[in-house]
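Take a look at the letters that make up each chain.
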Amino acid sequence: MATKSSGLAKSAAVKLSEMGERTKQLGTAMRDPHQQRRIILVIVCVALLLDNMLYMVIVPIIPDYLADLESEQSEHVHVVMHPNTSSNSTSQDNSNKNNLDIQIGVLFASKAILQLLVNPLSGTFIDRVGYDIPLLIGLTVMFVSTCIFAFAENYATLFAARSLQGLGSAFADTSGIAMIADKYTEEAERSKALGIALAFISFGSLVAPPFGGVLYEFAGKRVPFIVLACICLADGFLLLTVIKPFSNRTRENMPVGTPIYRLMIDPYIAVVAGALTVCNIPLAFLEPTIANWMETTMHSSQWEMGLTWLPAFFPHVLGVYITVKLAAQHPNLQWFYGALGMVIIGASSCTVPACKTFGQLIAPLCGICFGIALVDTALLPTLAFLVDVRHVSVYGSVYAIADISYSVAYAMGPIVAGQIVHSLGFVQLNLGMGLVNVLYAPALLLLRNVCQMKPSYSERDNLLEEAPQGLYDSIKMEERKAKKKGYSSAGNCLSVDENGFDPFRVPRSMSEESSGPEFT
């Protein structure tokens, strides 16, 4: 008996020792800068996935749920007001349907509208406190809004939950993308990391409707939201464990970012922001209108309408992959990839009304998502590069502008698209969206000389007179040493000797830096 207990004790000791070793290895891996960057990328990608799943998961759920609520209320009112008559039932049904369409449109748009209003404030807040705390705030708000969605039983509560989600997205999306741009300072790595984030955004948007529809059908309204809330909670705990926002002292070394209003009037950033808005208009306008058009013209089944956008995920990922590879080889052609994407979006949008079957419709929808992938993957890293060479290398405000661009398209979509279809028709809507994309593409020619811009002297350089602190500052120190030898590791700007710019000759005064010249 003693021998058996001794053996058990030894076995337990061995297991504890192995667990301790694994914990030690995990801790060492988390302290490694490269491993930490990868974990941060995972955290941000999960946050973006959740946000876009929450945005789209309600598409198959809320209209049916609100219709049930509306029918219950109308039946109750009809029985109370007219217990012995059924007159005017047709006009009453039409009125209820119109009211329901308006309610659904406002509910869908409320998230993007609030996100649009909050983004200027969230971008400035992120520039002041860093990226980790705003990301935690965003995940917390998204968790609360998802729980409210799960247990909401009336329109007002659903509206509050949807609006609250816009508040969380304004913090989570902007800080997440900005954190990726800050951690991945080399242009090729930055493009690749942002491409991975875009793939998660696409996956969340396209897989959410079938995910929500299946769970709603077989498990009820609450289950899809509870699943997403649990994932959100797990991502928040991972953020607290890995990044430790409240004990992170690197924000003390952050320079003051360029105010968002100055970034908005930068012509290069304005062109990029306009392209991001225009290229997302077809997707934002088709999502609330294409199901009714398919039902009217194709007599499509429910599963076809539910899976409309799912095949487009694959060309979107392919577009991200191709753009990342091309950008690594020819970084000076980022503007061309974006312009090509807008032309593809325009051509695909114009061909949507010509489709007669579900199989034919897949091709132009795939073309739209492929073009969006080209534009987003080419232009999101360009925003970070523009901030690096023309302003201060703090990315909260510039990616708040990018989020504003998306929000403009998705705020107008559920409200404006239906009115355009009702007034002009579905064909005219698609032709107009296609024409706008094709006409905007030449504006990206303004970005063709971005690769020749000279780097501005950032306030962060002052901080690097001391020993570097953290991964970002270490890389910046290496880049400065490289520039002294006459070359740049950024990959898409000219060398120091070639463009005649030496950051070490710029006055060291903080006041001179903040009012220093900008290079165009």
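Owing to the predicted nature of the structure, the values given are computational and were not obtained by experimental measurement.

How each quantity is defined
Every chain's residues receive numbers from 1 upward, in the order its sequence appears when written. Given that the model is predicted, a residue must reach a pLDDT of at least 70 before its local features are reported, and side-chain atom pairs must reach 80 or more before they are shown or counted; all residues, however, enter totals for whole chains, interfaces and linings. Hydrogens and waters are ignored; side-chain quantities use all the structure's heavy atoms. Strands are runs of DSSP state E lasting at least two residues, helices are runs of H or I lasting at least four, and both sets are numbered from the N terminus onward. Relative accessibility decides the category of a residue: with a 1.4 Å probe and only protein chains considered, values under 20% of the type maximum give buried, values over 50% give exposed, and everything between is partly exposed. In what follows, a contact means two residues having at least one pair of non-hydrogen atoms within 4.5 Å. A 1.4 Å probe and the Shrake-Rupley method give the accessible areas. Residues count as covered only by the protein chains that appear here. Multiplying one less than the number of residues by 1.5 Å gives the expected span of a helix. Two axes enter the bend calculation: one fitted to the seven residues ending at the residue in question, the other to the seven starting there, and the bend is the angle between them. Whenever two N or O atoms come within 3.5 Å, that pair is a polar contact, provided that in protein one can donate a hydrogen and the other can accept it, and provided that, for residues adjacent in sequence, both atoms are side-chain atoms. pLDDT runs from 0 to 100 and stands for how confident the predictor is about each residue. The rule is short: rings of Phe, Tyr and Trp, with Trp giving its six-membered ring, pair when the centres are within 6.5 Å, and they are stacked under 30 degrees, edge-to-face over 60, tilted in between. A ring has a charge above it when a Lys NZ or an Arg CZ is no more than 6 Å from the ring centre and no more than 35 degrees off the ring normal.

(A) Structural view of the overall build of the protein. Within the protein, the regular secondary structure consists of 21 helices and 0 strands. For the protein, with 520 residues in total, the buried portion stands at 51%. For the protein, contacts bridging at least 24 residues in sequence account for 84% of all contacts bridging at least 6. When the accessible surface of the protein is summed, it comes to about 23,900 Å², and 64% of that surface belongs to carbon and sulfur atoms.

(B) Seen up close, helix α7 (residues 187–219). The terminal C-alpha atoms of α7 lie 45 Å apart, and with 33 residues this matches the ideal 48 Å at 1.5 Å per residue to within 8%. Where α7 bends most, the angle comes to about 40 degrees, and this point is Ala-208, followed within four residues by the proline Pro-209. For α7, the side-chain oxygen to backbone nitrogen distance between the N-cap and Ala-188 is 3.1 Å, and the N-cap itself is Glu-186. Positive phi shows up at Gly-220, right after α7, with a value of about 100 degrees.

(C) Structural detail: the environment of Phe-336. Along the chain, Phe-336 falls in helix α14 (residues 334–351). Judged by relative accessible area, which is 40%, Phe-336 ranks as partly exposed. In this structure, the C-alpha to C-alpha distance between Phe-336 and Val-375, residues 39 residues apart in sequence, is 9.3 Å.

(D) Quick look at the confidence of the model for the protein. When pLDDT is averaged along the protein, the result is 77, and 73% of the positions lie at 70 or above. Below pLDDT 50 for its whole length, residues 456–475 participates in 50 contacts with residues either more than four positions away or in separate chains. pLDDT under 50 marks residues 483–520. Its contacts with residues more than four places away, or in other chains, come to 61 contacts.

(E) Highlighting the packing of aromatic side chains. In total, this model carries 9 aromatic pairs according to the counting rule given. Judged by centre distance (5.6 Å) and plane angle (85 degrees), the rings of Tyr-55 and Tyr-410 are edge-to-face. Of this pair, Tyr-55 sits in helix α2 (residues 33–57) while Tyr-410 is found in helix α16 (residues 396–423), placing the two residues 355 residues apart along the sequence. Under the relative-accessibility criterion, Tyr-55 is labelled buried at 10%. Ring geometry for Phe-125 against Phe-171: centres 5.9 Å apart, planes inclined by 80 degrees, an arrangement best described as edge-to-face. In this pair, Phe-125 is assigned in helix α4 (residues 89–129) and Phe-171 in helix α6 (residues 155–183), connecting sequence segments 46 residues apart. Members of the aromatic cluster, each reached through a chain of ring pairs, are Phe-203, Phe-313 and Phe-314. Over the ring of Tyr-184 we find Arg-37; its NZ or CZ atom is 4.5 Å from the centre of that ring. If you follow Arg-162 out to its NZ or CZ, it ends over the ring of Phe-108, 5.7 Å from the centre.

(F) How the structure looks around the environment of Ile-58. Here Ile-58 is to be found in the loop between α2 and α3 (62–81). When the C-alpha positions of Ile-58 and Arg-162 are compared, they lie 9.7 Å apart, and in sequence the two are 104 residues distant. With sequence-adjacent residues up to four places away left out, Ile-58 is seen in contact with Pro-63, Phe-108, Phe-149, Arg-162 and Phe-225.

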